Amino acid sequence: VAHMFEQGPLAGVRAVVTAGPTREPIDPVRVITNRSSGKQGYAVAQALSALGASVTLVSGPTALATPPGVQRVDIETAQDMLQASLTAAAQSDIFVGTAAVADYRPAQAEMQKIKKKDAEMSLPLERTTDVLKAVREKYPVLFMVGFAAETEKLAEHAQGKLQNKKLDLIAANLVGNGRAFDREDNALHLFWPGGDQELAPASKTALARELAQVIASRYRSKVG
Ligand code: CTP
Ligand code: CA
């Protein structure tokens, strides 16, 4: 089989990457979603694969081609992403959550199109499950990497998520006001328990390669 011939620092290592947005149905024609092109996540999947890992990409709806050699599982809702991630993580060593998962979904998806009325309307929402937290709880020895998209207080929020989700590494970036979303370039600040490293602004592809190198070296220093 192909992976026997893979070379590189992650040869023989299995990785799962979540990417893209999720879509939570309101009714048959409307959804709640997030601004995510999936570009950063697809680039991370490709970069890990290039280092020799065998990669499963759990992807929300995107307009992107599957990177060569990567196995892709398509999902739509946060709940689908949770199920697909738990399944894929069972046979994995590294888990990287780059997806922009909806934090809330409509408490009830309507079966018929909601008709407009001449009045305000509100929509009851319920929390979705945190995919990273659920995967971490079920698989305590996985090497877990998260992303944090923040509009302010980058270090504070990222370090909070690192601890709260019991991650091994978090890649934080500033979003909003024309930064990151729907763009080719990005900048990442990496945090791990006891350290950090800034990756200078570069293309999402170049940043993904740098991030994959850091993941590989921190993974090796953790598990050998
Ligand atoms: N994440 C996840 N499942 C969710 C929400 C987020 O796995 N239901 C993951 C994302 O893929 C990302 C990390 O958690 O790797 C951080 O996501 P982010 O939206 O920045 O943080 P939240 O914990 O959702 O907090 P908030 O949106 O309030 O900033
Ligand atoms: Ca969120």
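Residues numbered from 1 in each chain as written. Chains lettered and ligands numbered in written order. Predicted model: local features only at pLDDT ≥ 70, side-chain atom pairs only at ≥ 80, totals over all residues. Heavy atoms only, no water.

1. Some remarks on the site of ligand 1
Part 1: Close to ligand 1 lie 15 residues, the nearest being G97, A99, F147, K161 and K165.
Part 2: In the environment of ligand 1, a nitrogen atom lies 3.0 Å from a nitrogen or oxygen atom belonging to the backbone of T129.
Part 3: A distance of 2.7 Å separates an oxygen atom of ligand 1 from a polar atom in the side chain of K161.
Part 4: Contact with the protein chains removes 75% of the 580 Å² of surface that ligand 1 exposes when unbound.
Part 5: Among the secondary structure elements, those contributing two or more residues to the shell around ligand 1 are α3 (131-138) and β9 (143-150).
Part 6: Ranked by residues supplied to the shell around ligand 1, first place goes to β9 with four residues.
Part 7: A breakdown of the residues in the shell around ligand 1 according to their chemical character gives seven nonpolar, four polar and four charged. (Near = heavy atom within 4 Å. Polar contact = N/O pair within 3.5 Å; in protein donor to acceptor, adjacent residues only side chain to side chain. Areas by Shrake-Rupley, 256 points an atom, 1.4 Å probe, with all protein chains shown as cover. Helix = DSSP H or I, 4+ residues; strand = E, 2+ residues; numbered from the N terminus. Nonpolar A, V, L, I, M, F, W, Y, C, P; charged D, E, K, R; others polar.)

2. Focus on the sheet that holds strand β5 (residues 71-74)
Part 1: Spatially, the eight strands line up as an open sheet ordered β5-β4-β1-β6-β9-β10-β11-β12, and their pairing is mixed. The sheet is open, and its two edges are formed by β5 and β12 (195-203), each paired on a single side. Across this sheet, the average inter-strand angle for adjacent strands is 15°, counted without regard to direction.
Part 2: Bridge count for strand β10 (residues 169-174) against strand β11 (residues 185-192) is three bridges, and the pairing is antiparallel. Among the inter-strand pairings, I170 is bridged to a residue of β11, identified as F191.
Part 3: Against the sheet, helix α2 (residues 78-89) touches β1 (14-19), β4 (54-59), β5 and β6 (94-97), its axis set at about 170° to β1.
Part 4: Across the face of the sheet, α3 comes into contact with β6 and β9 while running at roughly 165° to β9. (Pairing = 2+ DSSP bridges. Axes fitted to C-alpha atoms, helices over the stretch in contact; angles between N-to-C directions. Contact = heavy atoms within 4.5 Å.)

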